[in-house]
Every structure is written in structure tokens, then in C-alpha cells.
Amino acid sequence: MLNQNYKENLINSINIFCKNINCLGCGGTYNYQTFTCEFCGSINEELKKSYLNIFSIIPYLNKDNVDKEITLYLYKLVNSSDIFNHALEQFDLTKETNSIIKELETKVEYNDLDTKLLECIFSNDIFLDIDNVLRDIILRNVILRKNSLSKELIEKTISHLVLSDTRNISKDSRFYIRNLGENVGGLAFHYYVYLDREVMDNFYDKGDISIFYVLPHEMMHTYRTYVESKGIVGSIYDTLALKERLLREYNQDIYYNDKNYVKNLHEIEANAFSYRAGTNYLKSLGFEISEEAVLNISGVINNDLTRLDNPLREIEGKLVNINELFANFIKDKKDLFYKYPQLHYEFKEEEGQVIYKSKMELVDEMTFQNKDESLEEIYLTLIKNANDRESIKDKNDILKS
Ligand SMILES: [Zn+2]
Ligand SMILES: [Zn+2]
């Protein structure tokens, strides 16, 4: 056995080391000779102290005194930084970690040590990639009211569920549980997902499953942020959704109106995704949810999915078309136009103004693009819209003449 003081010192140092791997000031990496940031030059004493501590303890480690808890922390350490790989190569940490997790999967009751191991696993980003069977067993037991784990640990498990997914689209993804107020189950802001405290409590205290619909809804919003920031266009809805978001950002009237809110593409797609993802996840845990309940919880009942292409919104009692509203809005916003290349299918810059491409220009572009079917779909819609615009204009010209 490793002396308890050594063990605590080691675990503590590993936690501090891992927290300090990237420069807090600039995100840069440190030089392990000088412990200065290679980018901004600031020195990190905490990193230095923990690094030296860990290296002073490693020689005392051997296969007999490295227990399960130490194994998990060493696994965390070598997966956070390559710098200890050589010093720890005698331990097969991946294999040992996997077998610890496999063993936990078979347990019905957890003792104090198990709980410590679970805490380590579910509070560390390093374990996000590890297989999720254990996590799902734990969450299933909460629904079945067969759970003896603390609320704090269950919250970490939920956090693991969210982050193991959202980290795939951004390393900046975060998860928070907060009081979000009346009637708000969750919120998404960029790559941050917020869950309402009450939804979490209802899950932990009563096994309420609505949490599994709230979370995918918000995760869909973060995915939309990703699609928009990368300029990805898979269908005409992607551009329409971006237009709506930009209009909402600059014209809050559109957003703060209940009727518009349920027609908002972001909400429609988030509800539809929540409906599917929530139901599938619960099914994978062995739960059948009635169609009626799913419709209610996911919010899909409020939306007519066949109207995903509905561009009409209400502003001060008047119906407006967000396509037209956007064309007007973007005219003098060159910066925004160049920030989002996905707008370049439909618009162009001419004499300092952002304007629609003509039908002929769109036809030309479609002919020369690389036989991408989804792109062809998009062009066909844009051409139809351009045709409608231009024939209306032609008619007006004839009437004037
Ligand atoms: Zn720095
Ligand atoms: Zn939403």
C-alpha cells in the first residue's frame, strides 16, 4: 500500500497539474523546463509544483500499490499530457481503467470506494470517450428509483451525457445547471447548454424523464451554432435558419413574440430532434414512452413540421416574409455578408451593396457546380425565388409603361 499521505498528495497534484496544462491567460502550452507559457511567457508556479510532486512520487509506484483510485487518476494524467508517458509505461493504464469500469457496470450497490471511482470518472473530461454503458446504467436506475448515489454525482453523470456529445462539435462546449425561471427547462448559448434546476431535481427526486427531451433540444441549438459558424449548407432551411437568427439578433421584435417563437426554424428543428433523440435514448434504456406523452414533452405538438419552409412571421400585427425582410436588412451589411459564406449562394456584392443574384446568374452557377445533389436542390429553390421576384418586377414595369 502506498502511504495515505503520498496517495492524497499524488491525486491532488494530478488534479492541479491537469487544471493548469494550458495557460489560463492565453490558452497556450507550457515549456516543462521553465514552466513558462510558450506563447505569452507567463510562469506557472502551480504547474511547476504539481509536476515536481508527481515526478517525486512516481518512483515509489509499483503494480502492488497502485490501487483502483490511483489507476484512474494516472489514466487521467497520461491522457491529459504526454510528458509522463515514459515514467508510467510499466502500467497498462488503459486496460486497467477499462476493467475497473467493466466491474462497476456489474454492481447493483456501490460502496464508498465505488462512489469515489464514479466521482473520478464522471467529473473528468478525459473519460468522455470511454464507453457509456456505465453512465446509462446509472441513469436508468434513477428512473427506476433504484439509485443510492448522491445528487451531485448524478448531476455529473448528466453533464457527462451532454458533454460526450457536444464536445464532438466544439471543445468550448460547457454544461451548467441553473435556476432558469418559470417555464424554462433549458437554454443554449453558443456551445453552452443550461438545464433548469427544477428539471434536474424532478429527475433525481421522482425519476421524471423530461430531462431527456430538454437536453437534446438545447444540444440541437448548439449544433445549429456549429453549422452556422462553419458555413455548412445542406439544404435551403440552413440558409433560412441563419437569416432568421441574424434578423432576431438585430430585430428583437421577431423573437419576443410567442407566435413567431413556435414558427422559428431553430425551435421547430430542436423540438423534432428532441422528439427523436429523447425517445431513442429512453428506448435504449428499455423504456417505452407513449406517443401522446412524447409529443407533449418534446413540444412537437406546437409545431407543424410540414411548414419548416414557412417564411412568414408576425411583427406588430403584420405578416412579414423573412426572406424579404432579410434582403432589406443585409443590403448595407457587407461585414456580415462576408462573415457567412453560406449567404453567397443567394446574394452578391455590387457597388458596395449586398443584393440578390439574378435568375440567370444562379442558372449559370448551378450548371458549373460539381453535381452535388443537395446543392442542386438549393439552387433550384433559389432560381424559383429569383424567377418569382423578376416576373413580379417585369409585370410592374409593364404596368408603369
Ligand atoms: Zn500564455
Ligand atoms: Zn429552443
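As the structure is a computational prediction, the values presented were derived from the model and not from experiment.

Caption draft 1: Region of interest: the overall build of the protein chain. Across its full length, the protein chain holds 18 helices and 7 strands. Its C-alpha radius of gyration of 27 Å places the protein chain more than 25% over the 21 Å reference for a compact globule of 401 residues. Projecting the C-alpha coordinates of the protein chain onto the three principal axes gives extents of approximately 95 × 55 × 40 Å. When the 401 residues of the protein chain are sorted by exposure, 28% land in the buried category.

Caption draft 2: Spatial organisation of the packing of helix H4 (residues 93-105) against helix H6 (residues 133-143). Relative to each other, H4 and H6 sit at 25 degrees, their axes nearing to 9 Å. Classified by the angle their axes make, H4 and H6 are roughly parallel. The two elements H4 and H6 cross, and the hand of that crossing is left-handed. Between H4 and H6, the residues in contact are Ile101, Leu104 and Glu105 and Val133, Leu134 and Ile137, respectively.

Caption draft 3: Geometry of the pairing of strand S2 (residues 186-189). Where burial is concerned, the two faces of S2 differ: the one with Gly186 and Ala188 is buried and the one with Leu187 and Phe189 is not. When S2 meets strand S3 (residues 192-196), the two strands line up antiparallel, connected through 4 bridges. Residue pairing for S3: Gly186 is matched across the bridge by Leu195. Taken together, S2 and the strand that follows it, S3, pair antiparallel across an intervening segment of 2 residues, in which His190 is found at a positive phi of about 50 degrees.

Caption draft 4: Representation of the pairing of S3. Taking burial as the measure, the 5 residues of S3 include 4 buried ones, the bulk of the element. Pairing of strand S1 (residues 174-178) with S3 involves 5 bridges; the strand directions are parallel. Across the sheet, the residue bridging to Tyr176 is Tyr194, located in S3.

Caption draft 5: Main features of the nonpolar core. Counting residues in hydrophobic clusters, the biggest one holds 27 residues, and the most contacted among them are Val162, Val193, Leu195, Ile211 and Leu215. Residue assignment for this core shows that the elements contributing at least two residues are H6, helix H7 (151-166), S3, helix H8 (197-206), helix H9 (211-230) and helix H13 (265-284). With 8 residues, the single largest contributor to this core is H9. In contact with Leu215, other than residues within four places in its own chain, are Val162, Gly186 and Leu195. Of all hydrophobic cores here, the second largest spans 23 residues; its members include Ile14, Leu117, Cys120 and Phe122.

Caption draft 6: Just H9, in detail. For H9, which comprises 20 residues, the first-to-last C-alpha distance of 29 Å matches the rise-based estimate of 28 Å (1.5 Å per residue) to within 8%. Within H9, 15 of the 20 residues are buried, which leaves the element mostly enclosed by the surrounding structure. At the exit of H9 stands Gly231, carrying a positive phi of roughly 70 degrees.

Caption draft 7: Representation of the confidence of the model for the protein chain in the model. Here the protein chain averages 91 in pLDDT, while 96% of its residues score no lower than 70. Within the protein chain, no element has a lower average pLDDT than helix H11 (residues 252-255), which sits at 71, and none a higher one than S3, at 98.

What counts and how
Residues numbered from 1 in each chain as written. Chains lettered and ligands numbered in written order. Predicted model: local features only at pLDDT ≥ 70, side-chain atom pairs only at ≥ 80, totals over all residues. Helix = DSSP H or I, 4+ residues; strand = E, 2+ residues; numbered from the N terminus. Rg over C-alpha atoms; globule rule 2.2 N^0.38 Å. Buried ≥ 20, exposed ≤ 12 C-beta atoms within 10 Å, placed from the backbone. Axes fitted to C-alpha atoms, helices over the stretch in contact; angles between N-to-C directions. Parallel < 35°, antiparallel > 145°, perpendicular 65-115°, else oblique. Left-handed = near helix turned anticlockwise from the far one by under 90°. Contact = placed C-beta atoms within 7 Å. Pairing = 2+ DSSP bridges. Core = buried A, V, L, I, M, F, W, Y, C linked by C-beta atoms within 7 Å. Expected span 1.5 Å × (residues − 1). pLDDT = per-residue confidence, 0-100.

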